[in-house]
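Now for the letters of each chain:
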Amino acid sequence: MEWWYTYNYQRNQHHAVYHLNGITDNGIDSTVYFMVEDQQPLTFSWIPGFFNGEVSFQIYDFEDNLVYQASGPATGVLYTGVGACPSCLKPQNVTIENIYDTRMKANWTPVGTNPGIEWLVIYGAPGFDLDGGEGDTVVTLLPKVTLTDLEKKTDYEFYVVQNCGMDDYSAAAGPYAFQTYWTNDVGIADILTPASSCSLGVEKITIVLKNYGSNPQSLLPFRFSVNGEDGGVSQPNDGFYTGVLGKDSCEVIEFETEYDFSAPGEYLISVYTEMMNDEDFANDTFHIRIVNRLQAPYFQDFEDWAGGWYVNDTLSLSPSWEFGQPDNNIIDMAASGVNAWVTNLDGSYNPAELSYLNSPCFDFSTLDDDPVIEFSIIYNIEQSYDGVFLEMSLDGGNVWEKVGEVGTGLNWYTEPNLFSGLGDVWAGTSNGWITARQRLFGTGGESDVRLRFGFGSDGSVNFEGAGVDDIRIYVPLANDMAGIGVTTLGENVECGLEEDEVIFTFTNFGTDPQGIFPIWYSVNGGAPVQDLVGTIVSPDEVISFNFSIPFDSRDGEFVIQVWTALNDDEDLTNDTLTYTVSHLPRPVPFSENFEAGTFIPDGWSSFGFVTSSHNNISNVLAYNLYQFNPSFTHTTPRYGVISEGDSLRFDYRISNFSAGTTATVLTSGDKIEVRVSTDCGGSFTTLYIITDTSHTPSVALQTLKLDLSAFAGESINIQFRGTWGSGDYYFDIDNINLQACPVSMGLTATTVASDPGMSNGSATVSVGLGTAPYTYAWSDGQTGETATDLPIGVTTVTVTDANGCTDVLEVAIGNSSSGELESLESWSIRPNPTQGTAWVTLAFTQPVDVQIQLVNLLGQRVWESNSSHSKEVNKVIDLSTYPDGVYLVRFIVDGRLQTEKLIKSGN
């Protein structure tokens, strides 16, 4: 390809054309120079080539300042300006010669026909304002400088300005950055030996000792430890450097003291210096981890390090495996903790990739049985063309064979790779992290076993790839039945089922087949329900079992525990699973303006589409009614519980297809019905009908507000159903609001503590959800947003918004404070409002002693529960004997409290 640009500088109308031709240049890029004349017009024009969109260029002035740049520019004049040829040019080739603790040396090259008589060096903290007169100035008669009296280990920037005489100064060259050294600073730069191996024994540790400071150093003590235990270095015979280590110098040193690494396992080696006057301890210690022939049982979660796993760069082609914290759209976290091995932590895997993530060596020579490998895996991989797989070697990595095949093990491979020759692989989407498990047949008794995860892709269509975490290798037990999954028959039924079934998936992790044995489930801590497995379950066989005794899953949230009860089960830790399913309505109030994107909102059933294309001022939910599309329905999820005075408010318009610029006049056959269901969509009641008699034609949005009081005490689905009569028009709906008082107005408070024995505390309340203006009623009679003169203790404020919605907040003055508890990870109170029973669930980041209290608005404690050293708390509050109204639920941990509102409504 060729491209051209032209420039003009005008006194004698000089004109030149430059282009890439592949003859006088390489056809890809080129640098050209041209003359300009001082204060004369300068014009750059562009004539595109055939592939203009692939071309970019930059124009720099005489001092390498960027003047103009463009990519795929348009035809014609791009830049006009005036040529400038100053007599005093700024210095070039500014070079930092050396940096010390309190001084720095630099030099530069004078340029221009008018040589400098002196130079100004201005320096200061990074980002100092040169034009504003900030910074210190040193004047030098030679093109070099030594800056002195600098602060140690401090960042600086400097500029150089040339003085050409007669008040003619150049532009400033810079900024140039540097950091001064410490005076005395010695550390460990690296540990060279030993390295991970399958045959480590008594070894010597080799290190790199480095002088990071400005002054030369000698007589330097240093030591090592292994797994936190001192290595026993006898100084000064060992671990004592007697030479002179100059500035920026390194010395490779081998300890004479040896250490026995022959035992299998992981080792943490730490080497550290002990110089008395060292000014920076951060680089004194260097750590590495190594492994020596790992054995079963083995577990690696990759939180401390990469585990000795590594990418085989020799055999891999374009590898994308990385170790660290996943940060992608789908693979966005590790299976546990923070770190994992992933094919590209924040992007897609590479095209035409064939890469290997290799394990350390494993010694299974003492095993009489073949071990099992179990790990967490996540994948988002193009099917049929790409995939990830596991291989093993019994001879130290010379010969490799595939581990398992489709249909074996647990979650083992998803398909045979059809087009890339990879064999059976994981491909497609795993929908999150899952557990894969397979027997490593033939490895028992072997002393040099290696494993590797292989990843292959074709030359196009690259997804996010795969991740591996939490690798376990162990010898399976004879009797080990394990639960691996729970769901319910009515999981996706919005309201649940009167006779719902628990579906339990379990597998035989043991080596012996198992016959008849019981399984159990319990709902919300209730009486256990038993069923009997009457078939033989072979090793690694997966069974999905429907309990024969159902439960009622309607209108509630259910915590279901399911477990196997195999006689003589040798591992009880994997028997029980906990599953939570909610068939509660979504809370009110609710609003939807369709601005989250051009997709149907979650939970809606709709034949329409979200758009702003036909003369709408924002996104709407639209449907085109005409002869061949004569009807539609838009149905919302279920919301509740509806209260007296609640209402449905929405905007709509009806306009012509396809421009949406003309109001449509409905005929007698056209109608839009607003309908309500109280039985989860089984049947609907018509609330309002938009017809030719009730609709006023307009291209503007019209607002309807419909009273929902007839459905008080119910949870409802709302449906918009359209029926075509004639014409061709859009029905648009927007800004749907189910107006009600929220369960919580999101009240928070900022407090000022009261002095002991005084009443000088204060609290200011903020409202997170509600309609302004607000009124405030404090328990001591104050009525403002801020209450003052508060004593140590708990005070209460009731906030009411413009719609009459109220909420109550307890505020603690003193050492305790209301608000979120630091250790509280999550909480729920469901259902809320409740007609009698509420389930309180708390999850903490660490075991705590927690007290749960139920308090009425008179401040009376009507219920209390205490749990000791718990990370998870599940409690049932029975309000069936209490009057309707608002109650406060307090969570109290270590003197701190968090308060939430619970509504009892018998409607």
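Computed from a predicted model, the values in this text were never measured in an experiment. (Residues numbered from 1 in each chain as written. Predicted model: local features only at pLDDT ≥ 70, side-chain atom pairs only at ≥ 80, totals over all residues. Heavy atoms only, no water.)

Engineer: Break down the overall build of the protein chain for me, citing the residues and quoting the values.
Structural biologist: Assigned secondary structure in the protein chain consists of 0 helices and 64 strands. Against the 2.2 N^0.38 benchmark of 29 Å for 907 residues, the protein chain shows a C-alpha radius of gyration of 38 Å, more extended than a compact globule. If you line up the protein chain on its principal axes, its C-alpha atoms span 95 × 85 × 80 Å. Going through the 907 residues of the protein chain one by one, you find that 46% of them count as buried. In the protein chain, of all internal contacts separated by at least 6 residues, the share reaching a separation of at least 24 is 67%. For the protein chain, the computed accessible surface area is about 42,600 Å², with 48% contributed by carbon and sulfur atoms. Treating the 36 positive side-chain charges of the protein chain as one cloud and the 119 negative ones as another, the clouds have centres 4 Å apart. (Helix = DSSP H or I, 4+ residues; strand = E, 2+ residues; numbered from the N terminus. Rg over C-alpha atoms; globule rule 2.2 N^0.38 Å. Buried < 20%, exposed > 50% of the residue type's maximum accessible area, 1.4 Å probe, protein only. Contact = heavy atoms within 4.5 Å. Areas by Shrake-Rupley, 256 points an atom, 1.4 Å probe, with all protein chains shown as cover. Lys, Arg positive; Asp, Glu negative; His and termini not counted. Charge placed at Lys NZ, Arg CZ, Asp CG, Glu CD.)

Engineer: For the sheet that holds strand 56 (residues 775-778), give the residues involved together with the corresponding values.
Structural biologist: A sheet is described by the order of its strands in space; here 3 strands give the open sequence 56-58-59, paired in antiparallel fashion. Only two strands of the sheet have a single partner each, and these edge strands are strand 56 and strand 59 (806-813). Strand-to-strand twist of the sheet, defined as the mean angle between neighbouring strand axes without regard to direction, takes the value 25 degrees. Sheet analysis places strand 56 next to strand 58 (residues 793-800), joined by 4 bridges and oriented antiparallel. (Pairing = 2+ DSSP bridges. Axes fitted to C-alpha atoms, helices over the stretch in contact; angles between N-to-C directions.)

Engineer: I'd like a rundown of the pattern of salt bridges, residues and numbers included.
Structural biologist: Opposite charge on two side chains permits pairing when their charged atoms draw close. Evaluation of the coordinates by the stated rule reveals 18 salt bridges. Close ionic contact of Asp-540 with Arg-437 constitutes a salt bridge, the shortest N to O distance being 2.6 Å. With Asp-540 in the loop between strand 39 (529-533) and strand 40 (542-546) and Arg-437 in strand 33 (residues 434-439), the pair connects residues that are 103 residues apart, well separated along the chain. Using a relative accessible area of 22% as the deciding quantity, one classes Asp-540 as partly exposed. A relative accessible area of 2% places Arg-437 in the buried class. A salt bridge links Arg-890 to Glu-810, with the nearest nitrogen and oxygen atoms 2.4 Å apart. Of this pair, Arg-890 sits in strand 63 (residues 885-893) while Glu-810 sits in strand 59; the two residues are 80 residues apart in sequence, bridging distant segments of the chain. Each of Glu-374, Arg-437 and Asp-540 takes part in salt bridges that share partners, so that together they form one network. (Salt bridge = Lys/Arg side-chain N within 4 Å of Asp/Glu carboxyl O.)

Engineer: Could you give an account of the state of the cysteines, with specific residues and numbers?
Structural biologist: A complete count under the given rule lists 3 disulfides for this structure. Residue Cys-88 pairs covalently with Cys-164 via a disulfide, S to S 2.0 Å. Between Cys-88 and Cys-164, the disulfide has an S-S torsion of 80 degrees and is therefore right-handed. In this pair, Cys-88 is assigned in the loop between strand 6 (76-82) and strand 7 (92-99) and Cys-164 in the loop between strand 12 (155-163) and strand 13 (173-179), connecting sequence segments 76 residues apart. (Disulfide = S-S within 2.5 Å.)

Engineer: Pulling in residues and values, what's your account of the environment of Ile-503?
Structural biologist: Here Ile-503 is to be found in strand 37 (residues 502-508). Distance from Ile-503 to Phe-547, taken between C-alpha atoms, is 6.4 Å for residues 44 residues apart in sequence. Filtering out sequence-adjacent residues up to four positions away, Ile-503 remains in contact with Gly-485, Val-486, Thr-487, Thr-488, Leu-489, Ser-544, Phe-545 and Asn-546.

Engineer: Break down the packing of aromatic side chains for me, with residues and values.
Structural biologist: By convention here, two paired aromatic rings are described through the distance between centres and the angle between planes. Per the stated rule, a full pass over the model turns up 42 aromatic pairs. Between the aromatic rings of Phe-590 and Tyr-639, the centroid separation amounts to 4.0 Å while the plane-to-plane angle is 15 degrees, which identifies the pairing as stacked. On the criterion of sequence distance, the pair formed by Phe-590 in strand 43 (residues 590-592) and Tyr-639 in strand 47 (residues 631-639) is long-range, its members being 49 residues apart. Classification of Tyr-639 by relative accessible area gives buried; the value is 6%. Following the ring pairs from residue to residue traces out a cluster consisting of Trp-309, Phe-375, Trp-412, Tyr-413, Trp-426 and Phe-453. One cation-aromatic arrangement involves Lys-247 over Tyr-100; the distance from NZ or CZ to the ring centre is 5.3 Å. One cation-aromatic arrangement involves Arg-452 over Trp-400; the distance from NZ or CZ to the ring centre is 4.2 Å. (Phe/Tyr/Trp six-rings, centres within 6.5 Å; stacked < 30°, edge-to-face > 60°. Lys NZ or Arg CZ within 6 Å of the ring centre and 35° of its normal.)

Engineer: Outline the sheet that holds strand 37, listing residues and values.
Structural biologist: Taken in spatial order, the 3 strands of this open sheet run 36-37-40, and their pairing is antiparallel. Across the chains shown, the open sheet's two edge strands, defined by having one partner strand only, are strand 36 (481-488) and strand 40. Pairs of neighbouring strands in the sheet enclose a mean axial angle of 20 degrees, with direction left out of account. Inspection of the sheet shows strand 37 paired to strand 40 by 5 bridges, in the antiparallel sense. The partner of Phe-506 across the bridge, within strand 40, is Ile-543.

Engineer: So what's going on with the environment of Arg-223? Which residues, and what values?
Structural biologist: With respect to the secondary-structure elements, Arg-223 resides in strand 16 (residues 220-226). For the pair Arg-223 and Gly-239, spaced 16 residues apart in sequence, the C-alpha separation works out to 5.7 Å. Among residues more than four places away in sequence, those in contact with Arg-223 are Asp-230, Gly-232, Val-233, Gln-235, Phe-255, Ser-270, Val-271, Tyr-272 and Glu-274. Of note is the side chain of Arg-223, whose polar atom sits 3.0 Å from the side chain of Asp-230. Reaching out from Arg-223, the side chain makes a polar contact with the backbone oxygen of Val-233 at a distance of 3.1 Å. (Polar contact = N/O pair within 3.5 Å; in protein donor to acceptor, adjacent residues only side chain to side chain.)

Engineer: Lay out a negative patch on the surface with the relevant residues and their values.
Structural biologist: A cluster of acidic residues, Glu-322, Asp-327, Asp-332 and Asp-346, forms a negative patch on the protein surface. One can find Asp-346 in the loop between strand 25 (340-343) and strand 26 (354-358). Its relative accessible area of 56% is what places Asp-346 among the exposed residues. (Patch = residues over 30% accessible without salt bridge, like charges linked within 9 Å, V, L, I, M, F, W, Y side chains within 5 Å.)

Engineer: Let's hear about the environment of Val-121: which residues, and what values?
Structural biologist: Counting through the fold element by element, Val-121 comes out in strand 9 (residues 118-124). As for Val-121 and Thr-841, which are separated by 720 residues in sequence, their C-alpha atoms are 66 Å apart. Dropping the residues within four chain positions of it, Val-121 is found in contact with Trp-108, Asp-136, Thr-137, Val-138, Val-145, Leu-147, Phe-158, Tyr-159 and Val-160.

Engineer: Mind laying out unusual backbone geometry, listing which residues take part and the relevant values?
Structural biologist: Cis geometry marks the peptide bond from Gly-174 to Pro-175, where omega comes out at 5 degrees. Mapping Pro-175 onto the fold places it in strand 13. Cis geometry marks the peptide bond from Asn-832 to Pro-833, where omega comes out at 10 degrees. Residue position: Pro-833 is located in the loop between strand 60 (824-830) and strand 61 (837-856). Of note, Asn-431 is a non-glycine position whose phi angle comes to about 60 degrees, a positive value.

Engineer: Give me the lowdown on a nonpolar patch on the surface, citing residues and values where you can.
Structural biologist: A contiguous nonpolar patch, built from Tyr-385, Leu-418 and Phe-419 and spanning about 330 Å² of accessible area, is present on the exposed surface. Structurally, the position occupied by Phe-419 is in the loop between strand 30 (415-416) and strand 31 (424-425).

Engineer: Before we move on, can you summarise the side chain of Ser-867 with the specific residues and values?
Structural biologist: Its location among the elements puts Ser-867 in strand 62 (residues 861-878). What Ser-867 contacts, discounting residues up to four positions off in sequence, is Val-848, Asp-849, Val-850, Val-873 and Lys-875.

Engineer: An account of the side chain of Asp-569 is requested, with residue identities and associated values reported.
Structural biologist: As for its position among the elements, Asp-569 is in the loop between strand 41 (557-564) and strand 42 (576-582). As a buried residue without a salt bridge, Asp-569 has its nearest oppositely charged side chain in Arg-437, at a separation of 11 Å. Within the structure, the side chain of Asp-569 is placed 3.1 Å from the backbone nitrogen of Met-481, a separation counted as a polar contact. Not counting chain neighbours up to four residues away, the residues in contact with Asp-569 comprise Asn-479, Asp-480, Met-481, Thr-564 and Asp-575.

Engineer: Which residues make up the confidence of the model for the protein chain, and what are the values?
Structural biologist: Looking at the protein chain as a whole, its pLDDT mean stands at 90, while 94% of the residues score no less than 70. When the criterion is pLDDT under 50, residues 1-12 qualifies, and its contacts beyond four places in sequence or with other chains add up to 57 contacts. The low-confidence segment residues 815-819, where pLDDT is below 50, has 10 contacts with residues more than four positions distant or belonging to other chains. (pLDDT = per-residue confidence, 0-100.)

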